[in-house]
Amino acid sequence: MQRFSIVSLARNALTGHKDWPRYWRSPKPKAAYDAVIVGGGGHGLATAYYLAKEHGVRNVAVLEKGWLGGGNTGRNTTIVRSNYLWDESAHLYEHSLKLFEGLSQDLNYNVMPSQRGVLNLAHNLGDVREGIRRVNANRLNGVDAEWLTPAQVKAFCPIVSISPSMRYPVMGATLQRRAGVARHDAVAWGFARAADALGVDIIQNCEVMGFDIRQGRVHGLRTTQGEIATTKVGIVAAGHNSVLCDMAGVRLPIQSHPLQALVSEPIKPIHPCVVMSNAVHVYVSQSDKGELVMGAGIDSFNSYAQRGSFPVIEHQMAAVLELFPIFSRLRMMRTWGGIVDVCPDASPIIGRLPVEGLYLNGGWGTGGFKATPGSGHVFAHTIAQEAPHPLAAPFAFERFTSGALIDEHGAAAVAH
Amino acid sequence: MLLIPCPWCGERDETEFRYGGQAHVARPLDPNATGDAAWAEYLFMRDNPKGWFRERWNHAAGCRRWFNMVRHTITHEIASVYKPGDPKPELPE
Ligand SMILES: Cc1cc2nc3c(=O)[nH]c(=O)nc-3n(C[C@H](O)[C@H](O)[C@H](O)COP(=O)(O)OP(=O)(O)OC[C@H]3O[C@@H](n4cnc5c(N)ncnc54)[C@H](O)[C@@H]3O)c2cc1C
Ligand SMILES: [Zn+2]
């Protein structure tokens, strides 16, 4: 890996930037690996990176059926925050936010983190009480959080309407100043480049079609590029986790839904932060290119179509105009969908499955981008040590039998 | 947008309906004799096929009745709808 530095930038400028090496090799799969990660999204790549970096497990392959980051990693609205209500979630997401804060240095790759602050608006008394409770819970967990009055909301984000004549007037907001956005593609590419440099084989256009399971233990996988032997498999396939686990005979508490997002035409910088609203249901930020990036909730029905229904888009545009009347003449440029894997308690599953050697990191649903480094970090530990990382332990698959759910539905101020 | 044929009202827009998830998930007959694993199966574990799926819908803004539907989760094609208690149709090829 050629490191990025002022010297290497200057040297490559002299040759017209034509001599930069490829970020990662494209090797043929080997016959066997110590561990195989299924899914080349951010979470899978981060897992491979930390396996190699922190646990010395370098004989690792990441198998991706399409291209790197072509799943939800490249389709999300890039909001990064850690202000979750419950202790287990706050610790896990805060672990991830801390890793995000040093990620560009660690990977020697600019993931363009922007800690511009995330507002979660409150529009009724229930929202206000929930917000203040969450601020207090966050602070007890060492997560930065503030409660803002409507006037303070207006000062922080001048384009938000706080008019009392709104259908759902703004009655206050929670603010996490350390929250914000990061560049989604860069997170995938940065992890891939750094993992490759540590010896990880990243294999694209390689779809996993089945597992070799004997006596309750995994011995390998069947792929479109042949059979691969391994005794440790980490499934990190987002919307397709159920499909993969089905191949291993494991049923999950997960349902796959479309989640849509859209961007406007680019405009000059006008929106200084990220605004999320549970009650009118939309979240909005502005990208570095100037587009407004917007999203809302899932389509209700199960789907693998990577597209959703128009009424969902219509609904979230109505919400945008309620909060930001100033955007009423903007045109929308693109909409798209990703397939998100939703758990009944809106929390991820990180840990072993009932087949020995088979591990799952999934169920991140609508809100896993923010968790990318933390998720990979605790999952790598779980696979390498064959024991859950302390932060991952509460998120084990077994919680659906024990009943110890981590119910972030509604508790965590819009799931994203 | 889905155009859903309610078995009682005929074709209506998706926005009139609520989704009910997988159909034919039966509550354990004897709760007291049901262990944790079986409860977890009933409460949380679900099929999530990439293909044909039997699912429940409620015509919330219409007749307000529940029914079942066979839909493809990639193409969104609707193969059939049937009333509660009707025999389970075979899945199309
Ligand atoms: C529209 C939208 C907006 C979102 N907004 C936010 C947000 O603002 N903040 C936030 O924190 N989160 C957000 N999310 C959620 C976030 O995108 C995901 O939780 C996260 O990116 C998941 O990362 P991943 O690496 O697990 O999955 P992915 O990036 O989807 O990677 C999984 C990979 O597995 C591959 N795969 C599947 N099957 C196979 C197979 N059989 N063999 C080999 N490979 C396979 C897929 O091709 C895919 O590349 C959003 C999601 C969407 C769709
Ligand atoms: Zn009806």
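Caption draft 1: Inspection of the sheet that holds strand S11 (residues 226-229) of chain A at higher detail. Residue and element names in this part refer to chain A. Ordered in space as S9-S10-S11, the 3 strands form an open sheet in which the pairing is antiparallel. Sheet topology places strand S9 (208-214) and S11 at the edges, where each strand pairs with a single neighbour. In this sheet, adjacent strand axes meet at a mean angle of 25° when their direction is disregarded. Alignment of S9 against strand S10 (residues 217-223), held across 6 bridges, turns out to be antiparallel.

Caption draft 2: Summary view of the state of the cysteines. All names here are of chain A. Tallied over the full model, the rule gives 0 disulfides over all chains. In this structure cysteine 245 is a free cysteine whose sulfur lies 11 Å from that of cysteine 343, the closest cysteine sulfur available. Note on cysteine 245: relative accessible area 0%, which makes it buried. Cysteine cysteine 273 shares no disulfide, and the gap to the nearest cysteine sulfur, in cysteine 157, comes to 3.8 Å. Here cysteine 273 falls in the buried class, since its relative accessible area comes to 0%.

Caption draft 3: Main features of the interface of chain A and chain B. On the side of chain B, 24 residues touch chain A, which itself brings 25 residues to the contact. Carbon and sulfur atoms make up 54% of the surface buried where chain A meets chain B, a total of about 2,100 Å² over both sides. Of all residues in chain A, Arg251(A), Phe301(A) and Tyr304(A) bury the most surface against chain B, accounting for 32% of the area lost on that side. Taken together, chain A and chain B are joined by 2 salt bridges. Asp47(B) serves as the salt-bridge partner of Arg251(A), at 3.0 Å between the closest nitrogen and oxygen. Joining chain A to chain B, the criterion identifies 15 residue pairs in polar contact (both at pLDDT 80 or more). Secondary-structure elements contributing two or more residues to the side of chain A that touches chain B are helix H8 (241-247), strand S13 (255-264) and helix H11 (399-402) of chain A. Class assignment of the residues belonging to the side of chain A that touches chain B gives a composition of 12 nonpolar, 9 polar and 4 charged.

Caption draft 4: Broad picture of the pattern of salt bridges. Residue and element names in this part refer to chain A. Within the structure shown, the criterion is met by 23 salt bridges over all chains. For glutamate 94, the salt bridge goes to arginine 178, with nearest N and O atoms at 2.8 Å. One end of the pair, glutamate 94, is in helix H3 (residues 87-101); the other, arginine 178, is in the loop between strand S6 (172-176) and strand S7 (180-181), with 84 residues separating them in the sequence. Under the relative-accessibility criterion, glutamate 94 is labelled buried at 6%. Note that arginine 177 and glutamate 146 form a salt bridge whose closest N and O atoms lie 2.7 Å from each other. Of this pair, arginine 177 sits in the loop between S6 and S7 while glutamate 146 sits in strand S5 (residues 146-148), and the two are 31 residues apart along the sequence. The exposure class assigned to glutamate 146 is partly exposed, which follows from its relative accessible area of 24%.

Analysis parameters
Residues numbered from 1 in each chain as written. Chains lettered and ligands numbered in written order. Predicted model: local features only at pLDDT ≥ 70, side-chain atom pairs only at ≥ 80, totals over all residues. Heavy atoms only, no water. Pairing = 2+ DSSP bridges. Helix = DSSP H or I, 4+ residues; strand = E, 2+ residues; numbered from the N terminus. Axes fitted to C-alpha atoms, helices over the stretch in contact; angles between N-to-C directions. Disulfide = S-S within 2.5 Å. Buried < 20%, exposed > 50% of the residue type's maximum accessible area, 1.4 Å probe, protein only. Contact = heavy atoms within 4.5 Å. Buried area = accessible area lost by both parts, 1.4 Å probe. Salt bridge = Lys/Arg side-chain N within 4 Å of Asp/Glu carboxyl O. Polar contact = N/O pair within 3.5 Å; in protein donor to acceptor, adjacent residues only side chain to side chain. Nonpolar A, V, L, I, M, F, W, Y, C, P; charged D, E, K, R; others polar.

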